[in-house]
Amino acid sequence: MSEVMISKKYLKVYLLDATLEFDAEYIYLPLPNEEHYIGQLVEVPFGRGNSLRRAIITDQTDHSEFKNVKEITKIIIKSPIYLSDQISLAKEMKRRYFCSVGQALKTISPPTVFEVGKKTARACKLIDPQEAKDLLAGEGFTSLQQQRVVEMLLQVDSALAQEITQACQVSDSVLKTLERKNILEIFTEKVEREVENNLVWSEPEVEHLNLEQEKAIQGILQLAKQKPVSSNKSSSDSEQEYLLRESLLFGITGSGKTEVYLRIAQDIINQRRTVIILVPEISLTPLMISRFTNKFADKIAVLHSRLTVTQRFEQWQKILNQEKQIVVGARSAIFAPLKNIGLIVIDEEQETSYRSETTPRYVAHDIARIRAIQHDSLLILGSATPSVETFHRTEIGKSRLFKLTQRAKQAPLPKVHFCAMNQEHARPDFDGVFSRKLLTNLQNTFDKGGQAMLFINRRGFAAILQCNSCGYVVKCPNCEVAMTRHTNQHNRRAKRLICHYCGLIKPVMTTCPVCQSEQMDSSGLGTQMVEDAFYKHFPDYRALRMDFDTTVGLNAHQEILTAFGEGEADCLIGTQMIAKGHDFPNVQTVGILAVDSLLNTGTYKSEERAFQLLTQAAGRSGRSDIQGNVFLQGYGLDNHVIKSAAEQDYLKFYKAQLEFRKRAEFPPFGQIGIIMIQGLVERTVRNEATNLFISLQKAMQNDVEYFKGVTLYTPAPAPIARLRKRYRYRLIIKSPKVLQIAQMFYFISRRKKPSGVGISLDINPEHML
C-alpha cells in the first residue's frame, strides 16, 4: 500500500482517548532517525504530567506556535493503520455525530487492530456440563444472559470469550459472574490464524438475465462514465455532482438484485478498482455471501463477528495491504481500508441494523455517501421496500431509480388471503393461534410435499401474564415493561417470565400480589405458543423454530436455515429473522400471525416497519414455478398498511406515508433530535432534564434567527420510564434543518453534567422508547 511519509518538521496527532474538551490536533516532534507515516499509531507524552497516551499521526507541518514542542515517545505500530481518507472521515464523523476524533478512529478500525502480534486469547469452558444442564432444567438461572452462555458452551467443548460475547450478545461481566459461581472456567488458549469460510450455500450460477436486470446494470455503469461539468467545484456542487452516481435498485422480492450486484462488481474489479458490499447481518444472508464468495474466491474478505482476535487482525491487514479487492460484511464493513473504491452496495438498505446504537451513532448510508464522494465511486442501495427517505431522494434528483418488477425465475407473486380472527372464535376447535383457512392450506401444502413458514414477531410463549380479576400485569422490577411468559426449552413443563430488555428471569406466579386472586392468565401470541399449536395439529410433521432463544452459538442461524433448506423440516416458525433474504423454492405457504401487532409501536416509523416486514415475509412464498399462498391473520385487517403490503404495492404505501410525514414535519421534511437523560436516582434525572431544557431555551433565545422554526418540547418521562434500573427522561427537538439540531447537541456535549447522569444524543432515531 502507498504510504504518506512525514517529511516536514512537525507532525500532528489526535489522541485516541481524548474527551471532547481536549479533542484537538496536537503538534509533536518526530523521533530522530525513524520513519513516520500518516495513519501511524504512536505513543506521546501529554499534559503537565506527561502521561503516556496513544495517538494517531494525522498530518504534518513546518510551523508551530509553541516554542517547546515535545517529542513523541515511541512508535507502537510502524506501518500505518489508517488511510488518509479514513482520517478525513473521522473528522467528518466528529462534526456529524458529536464524538471525538479518537472515538471515530476506534470505530473505523476494530480494536483488534491495536492488539498486534497477539497469538493467544481468553477462552471459556464449563466446569461441570451435567451440573449446567441440571441448572438449566431446574430454573437455576435468574439471568437470560447467563443462560445463553451456558447453552452455547454445552454445544462446544470451549469457545473464545470474544466469540461468546458476540454470539450470545452479552458483556464480559456475564462471563466473570459465571466464573465466580464456579459454573465456567476462563483460561488462555492459542487462537487459529486461518479464516474458515463456512458460510457457503450451494446455488447454480445464473446464465441469463432478464431485460430489466440488463437495463439496470447498463444504467448504473453508465453513471460512472459521467464527467464533471466543471473542474472548479465547491464542496456542495461536488456532492450534487456525485449524487448522480447514487442509485436505488428497487426490485420486488425474488427479482434478482444480487445478480445485478455481482455483474456490476465484476465490471468494477475488471477496472482494477475495489468493492464494498454491506448486508444487514452475515448469519442471515448466507446465500448472498456464498454467491460472492463462489464468484470472487480469494479476492474477497468476509468480515463477521465470529472471527477471532487474530483472524480479524489479519483480515484487516490483508485489506489494508490491498491483498483483497472485495469486502463483504455488516454495518462496520463500510470502514474497510480499501483504496480506489469503485462500488459500494447497501443491500436491504431499509434495515435498522445499518444504524449504530452506540456512540458515535452513525448511519451506514451517511458513511457510504462520504466514502463514495472521496473515491468518486458508484453507490447502490437495494431493496424491495426502500425507506421513505431513500425513495424520496430519487424524486428530488439526488439518486437514480432502477426498477425490477419481475421475479428473476419467472415465479408468480403469491396469492394473499385475509383471515379475520374475530370470526374464528365461534369455532369449537379454535386454539387461539390458527385460522381454519391457514390450517387447511398447511395440510394441503404438506400433502404435496411442500414447506411452510409461519411468522410471528414476538418470541416466547405469551406476551403478558395478567390477573383476570383486577387487571394487574406482571412487570419487570428493573424495567417499566411487562414480562413475557416463556416455556423452558430444557424442561418444557417449567414456565417462567423473562424481561426482553434486561434478561431477568422469574418464576410464573399463580397468585395475584394485588388482589390475591388465583386467576392469573397469559395472553398474546409468541413463537413458542405457535410451535406448540403446530404440533397439536400436525404431529407427523417437523417444525424448526428460529428466534433469539434458539439461535445460541456461533453457527446456530446457519444450521437452522441449512436444515430447512435441505428439507429436514416441513415448517419454519420464527420472528423477523425468517422474514428477509431467504430463498427456499419449496416454500408454498407463508402464514403471518398477529399482523396488527406490528403497528403502533411508538415511533413515527411504525407503519413503515410494518409494511416492510409484511412485504418481506410474504415474499418468502412462491419462489419457484409453484403458486404460493400468503395468509394474513389479525383482528384489524382494514388498515391501509396491511392492504398495501398484501397487494405488494409499495408506491401506494409510499404516497400515503409521504403525506403523513409532510403534515407532521417528520423526515425527510423535518428532523427529530432525541436527548435521553438517565440515571439511578429519578429526582436527579428529572432535575437535569429540566435544567437542560432551560439552558437550551436560553440558547435559542440568544440566536432567534438561527434557530428559526425549531421546536423544543418540555421534558417528560420516556415511554419506557425505567430501563435496567435507570430512570429515563427525554427532550424532543423538531427542526427543519439537521444543522440546527447539531448545534444544540454540540452545546450539550460541551456542557458539564452532574455525576450519576448519562446523556445520549440521537438524530432521527429508529426507536424513540
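See the structure shown above.
Computed from a prediction, not measured in an experiment: that's the story for all the values here. (Residues numbered from 1 in each chain as written. Predicted model: local features only at pLDDT ≥ 70, side-chain atom pairs only at ≥ 80, totals over all residues. Heavy atoms only, no water.)

Focus: the packing of aromatic side chains
Consideration 1: This model, assessed by the stated rule, comprises 20 aromatic pairs.
Consideration 2: Ring geometry for Phe-335 versus Tyr-362: centroids 5.0 Å apart, planes at 70°, classification edge-to-face. Taken together, the residues span a long stretch of sequence, with Phe-335 in the loop between β12 (326-329) and β13 (341-347) and Tyr-362 in the loop between β13 and α12 (364-375) at a distance of 27 residues. Each member of the pair, Phe-335 as well as Tyr-362, is classed as buried.
Consideration 3: Put simply, the rings of Phe-250, Phe-391, Phe-611, Tyr-650, Phe-653 and Tyr-654 touch in pairs and so form one group of aromatic residues. (Phe/Tyr/Trp six-rings, centres within 6.5 Å; stacked < 30°, edge-to-face > 60°. Helix = DSSP H or I, 4+ residues; strand = E, 2+ residues; numbered from the N terminus. Buried < 20%, exposed > 50% of the residue type's maximum accessible area, 1.4 Å probe, protein only.)

A short note on unusual backbone geometry
Consideration 1: The linkage connecting Thr-359 with the following residue, Pro-360, adopts the cis geometry, with an omega of -5°.
Consideration 2: Secondary-structure assignment places Pro-360 in the loop between β13 and α12.
Consideration 3: Note the cis peptide between Pro-667 and Pro-668, where omega equals 10°.
Consideration 4: Among the structural elements, Pro-668 can be located in the loop between α19 (650-664) and β27 (671-679).
Consideration 5: One non-glycine residue, Asn-33, lies in positive phi territory at about 60°.
Consideration 6: Along the chain, Asn-33 turns up in the loop between β2 (26-28) and β3 (41-46).
Consideration 7: Using a relative accessible area of 84% as the deciding quantity, one classes Asn-33 as exposed.

Points about the packing of helix α13 (residues 388-395) against α19
In a pair of packed helices, the angle between the axes and the distance between the axes together describe the arrangement.
Consideration 1: Relative orientation of the contacting elements α13 and α19 amounts to 95°, with a least axis distance of 11 Å. Comparing their axes, α19 and α13 come out roughly perpendicular. When α13 is examined against α19, the residues Val-388, Glu-389, Phe-391, His-392 and Glu-395 are found in contact with a partner set consisting of Tyr-650, Leu-651, Tyr-654, Gln-657, Leu-658 and Arg-661.
Consideration 2: Of the residues belonging to the contact of α13 with α19, the class tally is 6 nonpolar, 2 polar and 3 charged. (Axes fitted to C-alpha atoms, helices over the stretch in contact; angles between N-to-C directions. Parallel < 35°, antiparallel > 145°, perpendicular 65-115°, else oblique. Contact = heavy atoms within 4.5 Å. Nonpolar A, V, L, I, M, F, W, Y, C, P; charged D, E, K, R; others polar.)

Overview of the sheet that holds strand β10 (residues 274-278)
Consideration 1: In space, the 7 strands of this open sheet follow the order β11-β12-β10-β13-β14-β9-β15, with parallel pairing throughout. In this open sheet, the two strands that pair with only one neighbour each are β11 (300-303) and β15 (400-404). The mean inter-strand angle of the sheet, taken between neighbouring strand axes irrespective of direction, is 15°.
Consideration 2: Taken together, the 4 bridges between β11 and β12 define a ladder with parallel strand orientation. By the bridge assignment, Leu-303 is partnered in β12 with Gly-329.
Consideration 3: Here α13 sits on the sheet and contacts β9 (246-251), β14 (378-383) and β15; the angle it forms with β9, its principal contact strand, is near 115°. (Pairing = 2+ DSSP bridges.)

Some points on the side chain of Thr-527
Consideration 1: Tracing the sequence through the fold places Thr-527 in helix α15 (residues 527-537).
Consideration 2: Ignoring anything within four residues of it in the chain, the contact list for Thr-527 reads Ile-456, Arg-458, Arg-459, Gly-460, Arg-545, Asp-547, Ile-573, Gly-574 and Thr-575.

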